[in-house]
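# Geometric and topological summary
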There are 2 protein chains.
Amino acid sequence: MFEVAEIGRTVSKEQYDSEVAKLRWELLDAQRRLEAAGLPVIVLFGGVDGAGKSETVHLLNEWMDPRWLVNRAFEEPSQDERERPPFWRYWLALPPRGRIGLFMSAWYSQPLLDRVARELSVDEFDTALDRIATFERTLADDGAVVLKFWMHLDRKAQKKRLTALAKDPLTRWRVTKTQWSRWRRYDRFMAATERLIQRTSFAHAPWFIVDGTDERYRSLVVGTEIHRALYRVLEAGEAEAPKRRRHRPSTGPHAPADADSVVARVDRDRSILDTLDMSRSLSDEAFKTALLKQQGRLNKLQRKAYEQGVSMILLFEGWDAAGKGGAIRRVTSALDPRAYRVVPVAAPTDEERARHYLWRFWRHLSRAGRVTLFDRSWYGRVLVERVDGLATEAEWSRAYAEIEDFERQLTEHRIAVVKCWLHITKEEQEKRFNERAKSPYKSWKLTEDDWRNREKWDAYELAVNEMVARTSTRHAPWHLIPANDKNFTRVEVLRIAGDALARAL
Amino acid sequence: MFEVAEIGRTVSKEQYDSEVAKLRWELLDAQRRLEAAGLPVIVLFGGVDGAGKSETVHLLNEWMDPRWLVNRAFEEPSQDERERPPFWRYWLALPPRGRIGLFMSAWYSQPLLDRVARELSVDEFDTALDRIATFERTLADDGAVVLKFWMHLDRKAQKKRLTALAKDPLTRWRVTKTQWSRWRRYDRFMAATERLIQRTSFAHAPWFIVDGTDERYRSLVVGTEIHRALYRVLEAGEAEAPKRRRHRPSTGPHAPADADSVVARVDRDRSILDTLDMSRSLSDEAFKTALLKQQGRLNKLQRKAYEQGVSMILLFEGWDAAGKGGAIRRVTSALDPRAYRVVPVAAPTDEERARHYLWRFWRHLSRAGRVTLFDRSWYGRVLVERVDGLATEAEWSRAYAEIEDFERQLTEHRIAVVKCWLHITKEEQEKRFNERAKSPYKSWKLTEDDWRNREKWDAYELAVNEMVARTSTRHAPWHLIPANDKNFTRVEVLRIAGDALARAL
């Protein structure tokens, strides 16, 4: 989930200055229209210490008209607050219609810290998150725009930032023992955060995960997303009677951003796929040895899994000609034929079309102890169906949560879920297409569609990036595999499958 | 919650026969249109043993076209089922678009029984219910119509029914030790059911609580509600392109029923308010003694509550001239003035109007150890605002859940919540209005509005009935008080307040 916020996106000073001038004007304009439309806006900031929560709030106060802003920060509850139910102080702090409330350390803080300190069990934590979800839905139902930013830093970056803050006499006070002790529990903190974000991300109250490393990038992302969300709501709302809108369009992070904005350009230029080391390869010699070793290991593990009734689902997504079929065959040749099944996912049948899109994957769940390999999968919903417009935005944007719930049910049932994205470069794909065209027994694999899909490369790359951000979880992570070299790919897939099975046993 | 399903509504054989003829035709017509519209329908039956679940499913199979029906019943999971995640069998059982699936003992059974057997903690039970909610939302998002019927019997009626079933050689097999042991845990069963219904009632998947005592009434209610829900969805859907509807209108149980239907007439004729014994009264002599006794008791309890920091909220709703003010004064005169506050609820102020409607009640929450008396309350949303059309159907119908969540937060914070509805008959109200009109120092209390509201008596009665059904809970029950006699009313309110405080301490 957080890997997409660790790919080091930066914005130059020039880009920043020119963009800010435009953005400030847009935000002020949105504020003015907001007042007329009478909509309350709640912008909430969470994140790791030092990732720029308070700096961003400062900046927004500079950029926007403070008359229509309210700043809210929450500390330890006072005596007065403790005598009321916990949400009392949040209710009283709500901005009136037409204003934007900037909330720091609000309703998410306490449950998160309590979970990290193990004062809440997983079930209790879930209950607390569900209460928050109910609260936010109540506000959104009433017309409020709710936006939530998670400011992220990886462990190393956080240490660096805290050290820098502690050195500066002006910011030294911000780094106390508390911050360092939280840093030491970084992994726990992030595990709880992942669950928090997954259980409380909704179209009506979306989370945005922001890479907090580069100050300029992070400020622009927040400003741009706020403007985008307000713009969409205002455009939709002004068509209807003010203060009485019924069906508000999604304010989710999925709107095609203004393609010219700096953030959009930076995001396009650098996606999670660009962080892969595409030079990874294996000589034929090394491949032979490694293949035998990994296949032998997987075979042994799988026989044990069969006995113990532990299942594994291995799914493959990737660019056309990335080598999914070849990788799958190297896995299956290591498995007992009674114990595996390959499910190629193509267009749905009539029976499947007559039901929810997940039905056709549920029906292929195997008995205990089996391996099921999906050649393409339920992620089609947020990849091809999204890019080709086969699913509406409402449909594919709610699919992330549906998929997360589906996979959680699988892993809770002790099924190992392994998700592989085989990544090749655009050049490598072209090379392979041309080879296929020439080869008499491979040319059938190449269709007009394949060439057409290449034109949508950028759109796919954005979709992959968001897919990883929203569905790569601790219990079912994405493995992004550099697949320009087939030898490396095949051994890597076997290794990943073996590791997953070993962990599950 | 269940009291509204225990008021003994019955339907005569003649009424039934004429209605069924019409209803069957309507259901067949809806089925035909459903097939064309391509919507899947899921009708789920839950309830106490013997309340008529299987009889109703039988009947629906008789009434409707079996080609477009699928019946689903679930027993103990098989070996095959246990090897997959628990929802696997429910996913596979989903009806295709255009068909109606009748589900018995489906996804609710296991969590409910596990909770009754205390194999699930409250938090675990909530988690299980939230998973169900996610499942149903996933189906509804995809266009499915989800309707859920809870067939109810009170403890005594259930015993009678089980005994009758056990005597009949044809049905004897249905009553085993299991049924009797569940019956012995009736109270636990209903406590868990209350929570289940509250956490899983949504506009997109509503629960209908059905009085299971009278077979004819119960069959008509189920048939009528199914037809009503389908009719609304079909009417809305046929305007749009088939199979691609986006915004489906609520299928909630709040649609004004066909006013001529037998069920509507029976419901109108007999609401929960008609079950009250309106002859309750107290002589002036008895009143004096009882008043002093109850006031003294309340005073003592309240001083203790003040010390211990236990708060109480006492809210009053009722017909105009039902005596709310007088009852409130008898309570406050028993209390330490530092420790109570009366909040009269009239039209909202500008500041209040600029926020969510619950905000103005949150702001009046007191410090610990205080008593707050609300003269009218947040229930205005589902009473006057509903009846007078000041809130949209979407607004007031989601208010039940919002209120439930609000009150749960209060009671979880150990605030005693006491809700009184003062009920007078229509004749008594007229008498009091006429007295007010004549009295020089009371005539200001009587406005044109009061006379106008009388015309909406039936609409209010329906609203009260639904309010009790949806918001009378174990942690915050409604007290329906026969208030034709002021002496009785005042003592009764004091007694109820004292009891609630005693329980809270």
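Residues numbered from 1 in each chain as written. Chains lettered and ligands numbered in written order. Predicted model: local features only at pLDDT ≥ 70, side-chain atom pairs only at ≥ 80, totals over all residues. Heavy atoms only, no water.

A separate point is the interface of chain A and chain B. Between chain A and chain B, the contact holds 52 residues from the first and 52 residues from the second. For the chain A and chain B pair, buried surface summed over both sides reaches about 5100 Å², with 50% attributable to carbon and sulfur atoms. Sorting the residues of chain A by area buried against chain B places Trp91, Arg131 and Trp362 of chain A first, and these three jointly supply 13% of that buried surface. At the boundary of chain A with chain B, the tally comes to 10 salt bridges. The shortest N-O distance in the salt bridge between Asp141 of chain A and Arg398 of chain B comes to 3.8 Å. Counting across the interface, chain A meets chain B through 34 residue pairs in polar contact (both at pLDDT 80 or more). Elements represented by at least two residues in the side of chain A that touches chain B include exactly helix 3 (79-82), helix 4 (88-92), helix 6 (122-141), helix 15 (359-362) and helix 17 (393-412) of chain A. Take the side of chain A that touches chain B: its biggest share by element is nine residues, from helix 6 of chain A. (Contact = heavy atoms within 4.5 Å. Buried area = accessible area lost by both parts, 1.4 Å probe. Salt bridge = Lys/Arg side-chain N within 4 Å of Asp/Glu carboxyl O. Polar contact = N/O pair within 3.5 Å; in protein donor to acceptor, adjacent residues only side chain to side chain. Helix = DSSP H or I, 4+ residues; strand = E, 2+ residues; numbered from the N terminus.)

All names here are of chain A. Taken together, five strands build an open sheet; the order of strands is 7-8-6-9-10 and the sheet is parallel. In this open sheet, the two strands that pair with only one neighbour each are strand 7 (340-344) and strand 10 (478-482). The sheet shows a mean angle of 20° between the axes of neighbouring strands, taken without regard to direction. Here strand 7 runs beside strand 8 (residues 371-375); their pairing, made up of five bridges, is parallel. When the bridges of strand 8 are listed, Val343 appears paired with Phe374. Against the sheet, helix 13 (residues 324-332) engages strand 6 (312-318), strand 7, strand 8 and strand 9 (416-423), with an angle of about 160° to strand 6. Its contacts with the sheet put helix 21 (residues 486-504) on strand 6, strand 9 and strand 10, and the angle it makes with strand 10 is roughly 160°. (Pairing = 2+ DSSP bridges. Axes fitted to C-alpha atoms, helices over the stretch in contact; angles between N-to-C directions.)

A word on the nonpolar core. Judged by nonpolar contacts, the single largest core of 153 residues is most densely connected at Phe45, Trp107 and Phe149 of chain A together with Trp378 of chain B. For this core, the element with the highest residue contribution is helix 10 (residues 215-239) of chain A, accounting for nine residues. Leave out the neighbours within four places in its chain, and Phe149 of chain A touches Val43, Leu44, Phe45, Gly46, Trp207, Phe208, Val210, Val222, Glu225 and Ile226 of chain A. Grouped together as the second largest cluster of nonpolar side chains are 149 residues, Ala391 of chain A together with Leu27, Trp91 and Phe103 of chain B included. (Core = buried A, V, L, I, M, F, W, Y, C linked by side-chain atoms within 4.5 Å. Buried < 20%, exposed > 50% of the residue type's maximum accessible area, 1.4 Å probe, protein only.)

Take the domain arrangement of chain A next. All names here are of chain A. For chain A, the assigned domains read domain 1 (13-245) and domain 2 (300-504). Placing a centre on the C-alpha atoms of domain 1 and another on those of domain 2 gives a separation of 35 Å. Every contact between the two is made by eight residues of domain 1 and, on the other side, eight residues of domain 2. Summed over both sides, the interface between domain 1 and domain 2 buries roughly 710 Å², with carbon and sulfur atoms accounting for 31% of that surface. A salt bridge links Glu194 to Arg474, with the nearest nitrogen and oxygen atoms 3.7 Å apart. Along the contact surface separating domain 1 from domain 2 lie two residue pairs in polar contact (both at pLDDT 80 or more). (Domains from an automatic or database assignment.)

Now for the sheet that holds strand 1 (residues 41-47) of chain B. All names here are of chain B. Here we have five strands laid out as an open sheet, ordered 2-3-1-4-5, and parallel in their pairing. Lying at the two open borders of the sheet, with one neighbouring strand each, are strand 2 (69-73) and strand 5 (207-211). If you compare each strand with its neighbour and ignore which way they point, the axes differ by 20° on average.

What follows covers the relation of the copies chain A and chain B. Aligned on chain B, chain A shows an RMSD of 0.1 Å; the corresponding rotation is 180° and the shift along the axis is 0.0 Å. Between the two chains, the operation in question is that of a two-fold axis. Within chain A, the C-alpha atom positioned nearest to the axis of rotation is that of Asp123 of chain A, 3.0 Å from it. Of all interface residues in chain A, 100% are interface residues in chain B too; the two copies therefore contact each other through one and the same surface. (Least-squares fit on C-alpha atoms with pLDDT ≥ 70 in both.)

When two helices pack together, their arrangement is given by the angle between the helix axes and by the axis-to-axis distance. Residues and elements named next belong to chain B. Across the interface, helix 1 (residues 13-37) lies against helix 2 (residues 53-63) with an axial gap of 10 Å and an inter-helix angle of 65°. One way to sum up the angle between helix 1 and helix 2 is to call them roughly perpendicular. Contacts from Tyr16, Val20, Leu23, Arg24, Leu27 and Leu28 in helix 1 reach Leu59, Glu62 and Trp63 in helix 2. Classifying every residue of the contact of helix 1 with helix 2 gives seven nonpolar, no polar and two charged. (Parallel < 35°, antiparallel > 145°, perpendicular 65-115°, else oblique. Nonpolar A, V, L, I, M, F, W, Y, C, P; charged D, E, K, R; others polar.)

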